[in-house]
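Working through the structure, step by step
Chain by chain, the residues:
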Amino acid sequence: MNITVKNKKLKSWIKEVADLCKPDDIYVCNGSKEEYNLMLEKLLESRIAIPLKKRPGSFLFRSDPSDVARVENRTYISTPLKEEAGPMNNWIEPSELKKTMLDLYKGCMKGRTMYVIPFSMGPVGSPISKIGIEVSDSPYVVINMHIMTRVSSRVLELLSTDGEFIPCLHSVGAPLSKGQEDSQWPCAPIEQKYISHFPEENLIWSYGSGYGGNALLGKKCLALRIASAMARREGWMAEHMLILRLTGPEGKQYHIAAAFPSACGKTNLAMMQPSIPGWKCECIGDDIAWMKTGPDGRLYAINPENGFFGVAPGTSYNTNPMAMDTLNENVLFTNCALTDDGDVWWEGMDGDEPAHAIDWKGRDWTPESVEEAAHPNARFTAPASQCPVICKDWEKPEGVPIDIFIFGGRRGSVAPLVYEAYNWDHGVFLGSTAASETTAANIGALGNLRRDPFAMKPFCGYNMGDYFQHWLDMGDRLGDKAPRIFYVNWFRKSGDGKFLWPGFSDNSRVLKWMCERVDGKVGARETPIGLLPDEGDLDLSGLDLSTDDMREIMIVDTDDWKAELPDIESHFDKFGDRLPERLKKQLQEFRKRLG
Ligand code: TSX
Ligand code: MN
């Protein structure tokens, strides 16, 4: 081991893990640039990292073809009672799960170095931040954690001898025998993969995968699953939300937090540049929001992350120019294609397809190839500080005051462009019933409706029924200082299958209407689903959009919505007696409004 650790709990945990996993070496990380470079040198030497001539300080990685995404069916919330994990989570009883995993962990780091990664979610030392220690046998994890979290020796100093941290144990699950050559991307077969959370003891155990959310344990595992359970106990919120600051022509600032399921363009919205003159948009975060009530009784949000781990395919100067400008240097790419001139490429990038490339599996690729060049879930890992529109206050320890919550989904029909909740409880109802059609990018049959409450289905660390209640409780606590709640659908299609709304920068028109609602500048018309913009109140100046199309985008078809009721009912039925009475009442009132 390269340094002596002072924290008592950490010291004994490191020893315990080392005795179990039997690594050849132990290295405690300090988060320095030198350490990052050292790690990369190793990865370059073993040809795991491919340097990119066109992007300084940037590298391409190719995962094992079996290890390309989060594994929801291998993800567990392990509480003593199954009831505590709830109907949306996989569950195994803690002692049983630990027994299984201890067997797997036995000697799993042989032939490898065990890295101890001290990290802070949120600015180091902020009262909202949480400290985690990830122990991992993957140098790829170390460099990704350097970008995605605040890895620093200051974290260890802060911990001192008795400070608290969240232990995050990770192994790729591929020990090396003496002289055995390492594979390009070590990992374990699917039936040995486990992404386990023990929320009652703030503990994370991950085994068998080296990829993203399975392995970078600060993100989905700590900042969402474990943090959501802590937040409920402690009276705050850990949400799957982007955070942005919108500034109006008079300089008034509005802070928006928005939750969308996958494939809705959350990162695009987080970095969106308004098409309407005088309005400005800045990014604070693209994935996770931690929110607490401030001294003035309002809700304040921080982004606990330090970087973006974004989906590459589909990212272009058309869809997200600010992301593209974030990716020029110091970026780690995973499962993108490699061009002949030493750059990355993916489907949906601007310009012509390359005439030749190496695909994500390392094979020759040409435009005639049947398979994609980049994996659909190929990723970039980039420092948030490199985003040209990162908000100057994005690391403010006290966070930014949230004015507006947005929930959304992808629907080709039924849901209009935007509507506002009648009140907090109705907003919670909208969040709890949020639905999206499945796309090629996520699993499940194409075009099926999938309920993804608050976009938290894969990320809630406890019973989702209790989570709904926690939202209601937060509303009670915030009272008239609570953010207003809206629902959006950028994806409504016309009868002939064309997107009706231009989306992207023009979504600023929708956000502007929300701000004017907050300021009481515009009215709204009551419909069974909520409050819709009065005709003429959405700023459509300079938009080439026919009146007919605009009407179609805004149609609320009562019969369509009545037809949804059975699905909402069976969705709610899953929660049994954990479904808050106040949501049952919301459903009753919705039914009544539909007539
Ligand atoms: O991210 C998207 N947003 C939010 C942007 C701030 N996407 C991409 C989704 C995939 C991740 C969108 N796609 C959006 C949107 O608002 N809207 C659409 C649908 C759409 C696609 C293309 C066009 C218009 C709408 N127009 C042309 O192709 C010219
Ligand atoms: Mn996410």
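So, here is what we can say about the structure in this document. Not measured: the values here are computed from a predicted model.

1. Regarding the site of ligand 1
- The local shell around ligand 1 holds 13 residues, among which Gly-265, Asn-268, Gly-503, Phe-504 and Asn-507 are the closest.
- One of the side-chain nitrogen or oxygen atoms of Asn-268 is found 2.8 Å away from an oxygen atom of ligand 1.
- For ligand 1, an oxygen atom lies 2.9 Å from a polar atom in the side chain of Asn-507.
- Protein burial of ligand 1: of its 640 Å² of free accessible surface, 65% is covered by the chains.

2. A closer look at the packing of aromatic side chains
- Throughout the structure, instances matching the rule amount to 33 aromatic pairs.
- For the ring pair Tyr-419 and Trp-561, a centre distance of 6.5 Å and an interplane angle of 80 degrees mean the geometry is edge-to-face. On the criterion of sequence distance, the pair formed by Tyr-419 in strand S26 (residues 418-420) and Trp-561 in helix H15 (residues 558-573) is long-range, its members being 142 residues apart.
- Exposure remark for Trp-561: the relative accessible area of 7% places this residue in the buried category.
- What links up through ring pairs into an aromatic cluster is the set Phe-405, Phe-407, Trp-424, Phe-454, Tyr-462, Tyr-467, Phe-468, Trp-471 and Phe-575.

3. Topic: the packing of helix H11 (residues 424-432) against helix H16 (residues 581-594)
- Where H11 meets H16, the closest approach of the two axes is 9 Å, and the angle between their N-to-C directions is 90 degrees. Taken together, the axes of H11 and H16 lie roughly perpendicular to each other. Touching Asp-425, His-426, Val-428, Phe-429 and Ser-432 of H11 are Arg-582, Leu-583, Gln-586, Leu-587, Phe-590 and Arg-593, all from H16.

4. Some details on the coordination of the manganese ion (ligand 2)
- Looking at the metal site, the manganese ion (ligand 2) is ligated by Lys-220 (NZ), His-240 (NE2) and Asp-287 (OD), spaced 2.1 to 2.3 Å from it.
- All donors of the manganese ion (ligand 2) belong to a single chain; written as a sequence motif, their spacing is K-x19-H-x46-D. Separated by 20 residues along the polypeptide, Lys-220 in helix H8 (residues 218-234) and His-240 in the loop between strand S11 (237-239) and strand S12 (242-247) bring together distant segments of the chain. Grouping residues by exposure puts Lys-220 and His-240 together as buried.

5. A short note on the sheet that holds strand S3 (residues 59-61)
- Strand order across the open sheet formed by five strands is S2-S3-S18-S23-S17, with mixed pairing between neighbours. Of all strands in the sheet, those with a lone pairing partner are strand S2 (50-51) and strand S17 (307-311), marking the two edges.
- On top of the sheet, helix H2 (residues 33-45) reaches S2, S3 and strand S18 (332-334); it is set at about 55 degrees to S3, its chief contact.

6. Description of the sheet that holds strand S24 (residues 400-401)
- One open sheet holds the four strands; their spatial order is S11-S15-S16-S24, and the pairing between them is antiparallel. The sheet is open, and its two edges are formed by S11 and S24, each paired on a single side.
- As paired elements, strand S16 (residues 299-302) and S24 share two bridges and run antiparallel to each other. Paired with Ala-301 across the two strands is Val-400, which belongs to S24.
- Packed onto the sheet, H8 meets S11 and strand S15 (289-293) and runs at close to 155 degrees relative to S11.
- Where helix H12 (residues 464-478) meets the sheet, it contacts S11, S15 and S16, and its direction lies at approximately 125 degrees from that of S11.

7. Quick word on the packing of H2 against helix H5 (residues 139-148)
- With their axes 10 Å apart at the nearest point, H2 and H5 run at an angle of 145 degrees to one another. Like other packed secondary-structure pairs, H2 and H5 cross with a definite hand, here left-handed. Mapping the contact onto sequence places Glu-35, Tyr-36, Met-39, Leu-40 and Leu-43 in H2 and Pro-139, Tyr-140, Val-142, Ile-143, His-146 and Ile-147 in H5.

8. Observations regarding the layout of surface pockets
- Taken as a whole, the second largest pocket spans an internal volume of roughly 520 Å³.
- The set of elements that each furnish at least two residues to the lining of the second largest pocket consists of H2, strand S5 (113-121) and H5.
- Among the elements that line the lining of the second largest pocket, the one with the most residues is H2, at three residues.
- Its residues assigned to classes, the lining of the second largest pocket shows ten nonpolar, seven polar and six charged.

9. Here we look at the side chain of Ser-58
- Its place among the elements puts Ser-58 in the loop between S2 and S3.
- Apart from residues no more than four positions distant in its own chain, Ser-58 is found in contact with Ile-50, Pro-51, Leu-52, Asn-328, Glu-329, Asn-330, Val-331 and Phe-333.

10. Topic: the pairing of strand S13 (residues 253-259)
- Most of S13 sits out of view: six of its seven residues are buried.
- Note: S12 against S13, six bridges, orientation antiparallel. Each residue of the ladder has a partner; that of Leu-244, found in S13, is Ile-256.
- Here S12 folds back onto S13 in antiparallel fashion, the turn holding five residues, of which Gly-251 has a positive phi close to 90 degrees.
- As judged from the four bridges shared by S13 and strand S25 (residues 404-408), these two strands associate in the parallel manner. Looking across to S25, one finds that Ala-259 is bridged to Phe-407.

11. Structural notes on empty space enclosed by the protein
- Applying the stated criterion across every chain yields a total of one cavity of 30 Å³ or more.
- Put simply, the largest cavity is a space of about 150 Å³.
- Around the largest cavity sit 17 residues that line it, and Tyr-419, Leu-430, Thr-433, Arg-451 and Trp-561 are the ones nearest its centre.
- Among the secondary structure elements, those contributing two or more residues to the lining of the largest cavity are H11, H15 and H16.
- Looking at the lining of the largest cavity residue by residue, the class counts come to eleven nonpolar, two polar and four charged.

Thresholds applied
- Residues numbered from 1 in each chain as written.
- Chains lettered and ligands numbered in written order.
- Predicted model: local features only at pLDDT ≥ 70, side-chain atom pairs only at ≥ 80, totals over all residues.
- Heavy atoms only, no water.
- Near = heavy atom within 4 Å.
- Polar contact = N/O pair within 3.5 Å; in protein donor to acceptor, adjacent residues only side chain to side chain.
- Areas by Shrake-Rupley, 256 points an atom, 1.4 Å probe, with all protein chains shown as cover.
- Phe/Tyr/Trp six-rings, centres within 6.5 Å; stacked < 30°, edge-to-face > 60°.
- Helix = DSSP H or I, 4+ residues; strand = E, 2+ residues; numbered from the N terminus.
- Buried < 20%, exposed > 50% of the residue type's maximum accessible area, 1.4 Å probe, protein only.
- Axes fitted to C-alpha atoms, helices over the stretch in contact; angles between N-to-C directions.
- Parallel < 35°, antiparallel > 145°, perpendicular 65-115°, else oblique.
- Contact = heavy atoms within 4.5 Å.
- Donors = N, O, S within 2.8 Å, 3.2 Å for Na, K, Ca; no water.
- Pairing = 2+ DSSP bridges.
- Left-handed = near helix turned anticlockwise from the far one by under 90°.
- 1 Å grid on protein atoms, 1.4 Å probe; cavity = no way out; pocket = protein on both sides within 12 Å on 5 of 7 lines; lining within 4 Å.
- Points joined across faces, edges and corners; volume = space filled by probe spheres on them.
- Nonpolar A, V, L, I, M, F, W, Y, C, P; charged D, E, K, R; others polar.

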